[in-house]
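# Fold and contact review
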Amino acid sequence: MSVKKVVLLKGDGIGPEIVNAACGVMKAVSKKHNIDIEFEEALIGGIAVDEAGEPLPQKTIDSCKAADAVLLGAVGGYKWDSLPSNLRPERGLLGIRKALGLFANLRPAKIFAPLKSASPIKDEIIGDSLDILIVRELTGGIYFGDKGQREVNGAPAAFDTECYSVPEIERIARMAFEFAMKRSKRLCSVDKENVLESSKLWRSVVKRVAEEYPEVELTHMYVDNAAMQLVRNPKQFDVIVTSNMFGDILSDEASQIAGSIGMLASASLNGDARGLYEPIHGSAPDIAGKDIANPLATILSAAMMLRFSLDEPAAADDIEKAVADVLNVARTPDIAEDGIKTVGCTEMGRLVENIILG
Ligand code: IPM
Ligand code: MG
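Report follows, based on the coordinates. Once a new chain begins, its residue numbering starts again from 1 and follows that chain's sequence as written. Chains and ligands are labelled by the order in which they are written, letters from A for the one and numbers from 1 for the other. Only residues with pLDDT of at least 70 are given local features in this predicted model, and only at 80 or more are side-chain atom pairs given and counted; all residues enter the totals for whole chains, interfaces and linings. Only hydrogens and water are removed before side-chain values are computed, so all heavy atoms of the structure are retained for them.

## Remarks on the packing of helix 1 (residues 15-33) against helix 10 (residues 296-308)
For helices, the axis comes from a line fit to the C-alpha atoms of the stretch in contact; other axes are also lines fit to C-alpha atoms, and the angle between any two N-to-C directions lies between 0 and 180 degrees. Strands are runs of DSSP state E lasting at least two residues, helices are runs of H or I lasting at least four, and both sets are numbered from the N terminus onward. As a packed pair, helix 1 and helix 10 sit with axes 8 Å apart at the nearest point and diverge in direction by 45 degrees. Here helix 1 lies oblique to helix 10, going by the angle between them. Judged by the twist between their axes, the crossing of helix 1 over helix 10 is right-handed. Note on element contacts: helix 10 touches helix 1 through T298, I299, A302, M305 and L306, opposite I18, V19, A21, A22, V25, M26 and V29. Roughly parallel here means an angle under 35 degrees, roughly antiparallel means over 145, roughly perpendicular means 65 to 115, and every remaining angle is called oblique. Crossing handedness is defined as follows: a turn of the near helix away from the far one that is anticlockwise and smaller than a right angle gives a left-handed crossing, while the clockwise case is right-handed. Throughout, a residue-residue contact means that at least one pair of heavy atoms, one from each residue, lies within 4.5 Å.

Now the structure itself:
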């Protein structure tokens, strides 16, 4: 049996707490399934600025490149908010995505049955279940386009640029079509084609790639309409493919529909098995260190890692099932419910471990 190497990037705020909980769960599931994982820690974000002078030290990039997969907590905090933009913790996150070529970000928004009442959307709209997969482009668009400051009519001004090349759109579209093929064969491409040149190109390339997938029913939607439809009738969606910024926004919206932002996992992939896994939420500095954060999104990210990077689908299933079960007996404060015990981050992790180990 070969040893798999996983780098832990705990980061800032609640990052260390949630990664510790997820790491405990990975150890439990590895024991049960006889998987040999070696964990190594590396610095990213504000803590990396404090300890190494930059948000993404080269050493971290090298460790991640040499690993089978990376598990990341979160970056950022008040302490670093006023640093120049090249030293902001968020730069570390964008930098590692770019350095590893992680162009595809999968963000599944799924309602666990016991959490249905946590969703602000009415029961009759949600029905029995909700399971949407957002495929967000992650290394292009306005996040990485030309940006800067200049003067406009003598006044200080700033700009960012949304730019997508044909190959960048093709590869994310293909990834989304592949996932649609494995699911219900429905794909909705979200853009702003009525206004943006980059969206016009996006739509035309997605249409062309669609010819390779005649079985998939492709629809297109403007992003403003998509934001509205997600609340009005989320069940019309199965797989959504969209740009970096639209995906950032729509996935936060989808997470709330699914009950709590503390529940949404994500996988960032580059087309081969290596990937980076992280909850979609941020570092929540207001609750950091209090042991009240919800570790389930990170635990579910670890499940995605076992599925996509470590080729251990049975272990992934075990984690996902344990998360579904734990919600009946314990809740962190963000998803608390009368009659169910409220627990902290560490205890939530332990409970998931116990369910896995039986
Ligand atoms: C996310 C986050 C990041 C993003 C921030 C922290 C840079 O919001 O992963 O969704 O915008 O991609
Ligand atoms: Mg976001």
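## Notes on unusual backbone geometry
Even without being glycine, N34 reaches a positive phi, approximately 60 degrees. One can find N34 in the loop between helix 1 and strand 2 (37-41). Partly exposed residues are those whose accessible area sits between 20% and 50% of the maximum for their type, while under 20% is buried and over 50% is exposed, using a 1.4 Å probe and protein chains only. Classification of N34 by relative accessible area gives exposed; the value is 56%. Unusually for a residue other than glycine, A284 sits at a positive phi of about 40 degrees. Of note, A284 is situated in the loop between strand 12 (275-279) and helix 10.

## Side note on empty space enclosed by the protein
Lining residues are those with an atom within 4 Å of a point, where the points come from a 1 Å grid over the protein atoms alone and group into cavities, where a 1.4 Å probe fits but cannot get out, or pockets, open sets with protein on both sides within 12 Å along at least five of seven lines. Grid points are joined across faces, edges and corners, and a volume is the space filled by probe spheres set on the points. Tallying each qualifying case throughout the model produces one cavity of 30 Å³ or more. Here the largest cavity is characterised by a volume of approximately 60 Å³. In terms of lining residues, the largest cavity is bounded by E162, Y164, V190, D191, L196, S198, S199, W202, S243 and F246. Mapped by element, the contributors of at least two residues to the lining of the largest cavity are strand 8 (186-191) and helix 7 (197-210). The greatest single-element share of the lining of the largest cavity, amounting to three residues, is contributed by helix 7. Here the lining of the largest cavity is composed, by residue class, of five nonpolar, three polar and two charged. Gly counts as polar in this scheme, as do all residues outside two lists: the nonpolar Ala, Val, Leu, Ile, Met, Phe, Trp, Tyr, Cys and Pro, and the charged Asp, Glu, Lys and Arg.

## Some remarks on the site of ligand 1
Taken together, the residues surrounding ligand 1 are L93, R97, R107, R136, Y143 and D248. Between ligand 1 and R97, the relevant distance is 2.7 Å, taken from an oxygen atom to a side-chain nitrogen or oxygen of the residue. N or O atoms within 3.5 Å of each other form a polar contact, as long as, within protein, one can give a hydrogen and the other can take it, and as long as residues adjacent in sequence are counted only when both atoms are side-chain atoms. Between ligand 1 and R136, the relevant distance is 2.8 Å, taken from an oxygen atom to a side-chain nitrogen or oxygen of the residue. Here the criterion for a molecule occupying a pocket or cavity is that more than half of its atoms lie within 2 Å of the pocket grid points. Most atoms of ligand 1, that is more than half of them, are within 2 Å of grid points of the largest pocket. Looking at the shell around ligand 1 residue by residue, the class counts come to two nonpolar, no polar and four charged. Whether a residue is near a molecule or strand depends on its heavy atoms: if one lies within 4 Å, it is near.

## Quick notes on the packing of aromatic side chains
Here the aromatic set is Phe, Tyr and Trp, taking the six-membered ring for Trp, and pairing holds for ring centres within 6.5 Å; pairs whose planes are under 30 degrees apart are stacked, those over 60 apart are edge-to-face, and all others are tilted. As enumerated under the stated definition, the model contains three aromatic pairs in all. Ring geometry for F177 and Y213: centres 4.9 Å apart, planes at 5 degrees, overall stacked. In this pair, F177 sits in helix 6 (residues 166-182) while Y213 sits in the loop between helix 7 and strand 9 (217-222), placing the two residues 36 residues apart along the sequence. Here K182 stacks its cationic end above the ring of F179, 4.7 Å away from the centre of that ring. For a ring to carry a charge above it, either NZ of a lysine or CZ of an arginine must fall within 6 Å of the ring centroid while also lying within 35 degrees of the normal to the ring plane.

## Some words on the state of the cysteines
Disulfide assignment relies on a single distance test, namely cysteine sulfur atoms paired within 2.5 Å. One pass over the structure, following the stated rule, counts zero disulfides. Here C345 stays free of any disulfide, with the sulfur of C23 as its closest cysteine sulfur at 12 Å. A relative accessible area of 1% places C345 in the buried class.

## Some thoughts on the side chain of N244
For N244, the position within the fold is in helix 9 (residues 244-257). Classification of N244 as buried rests on a relative accessible area of 0%. Ignoring sequence-local partners within four residues, the contact set of N244 consists of R136, E137, L138, T139, G140, Y143, F144 and Y164.

## Section: the layout of surface pockets
Considered as a void within the structure, the largest pocket measures approximately 540 Å³ in volume. Lining the largest pocket are 23 residues, with E90, L93, L94, R97 and Y143 positioned closest to its centre. Listing elements by their share of the lining of the largest pocket, those giving two or more residues are strand 3 (69-74), helix 4 (89-99), helix 9 and strand 12. With five residues, the top contributor of residues to the lining of the largest pocket is helix 4. Residue composition of the lining of the largest pocket, grouped by class: eight nonpolar, four polar and eleven charged. If you trace the second largest pocket, you find 17 residues lining it, with P108, R183, M304, R307 and E320 closest to the centre. Secondary-structure elements contributing two or more residues to the lining of the second largest pocket are strand 4 (104-110), strand 5 (131-137), helix 6 and helix 10. Tallied by class, the residues present in the lining of the second largest pocket amount to eleven nonpolar, no polar and six charged.

## Details of the nonpolar core
By size, the foremost hydrophobic cluster in this structure holds 65 residues, and its most contacted members are F177, M263, L296, L306 and I319. For this analysis, a nonpolar core means a set of buried residues of the types Ala, Val, Leu, Ile, Met, Phe, Trp, Tyr and Cys, connected via side-chain atoms within 4.5 Å. Counting 22 residues, the second-largest nonpolar core is a separate cluster that includes I132, A226, L230 and I257.

## As for the sheet that holds strand 11 (residues 265-269)
Here, any two strands with at least 2 DSSP bridges between them count as paired. The ten strands lie next to each other as 2-1-3-12-11-4-5-10-8-9, forming an open sheet whose pairing is mixed. One side of each edge strand has no neighbouring strand; the edge strands of this open sheet are strand 2 and strand 9. For this sheet, the mean angle separating the axes of adjacent strands, direction not counted, is 25 degrees. Packing of helix 3 (residues 58-66) onto the sheet brings it into contact with strand 1 (4-11), strand 2 and strand 3, and relative to strand 1 it is tilted by some 145 degrees. Those strands touched by helix 4 are strand 3, strand 4, strand 5 and strand 12, and its axis lies near 150 degrees from that of strand 12.

Distances and angles like these do not, on their own, reveal function.
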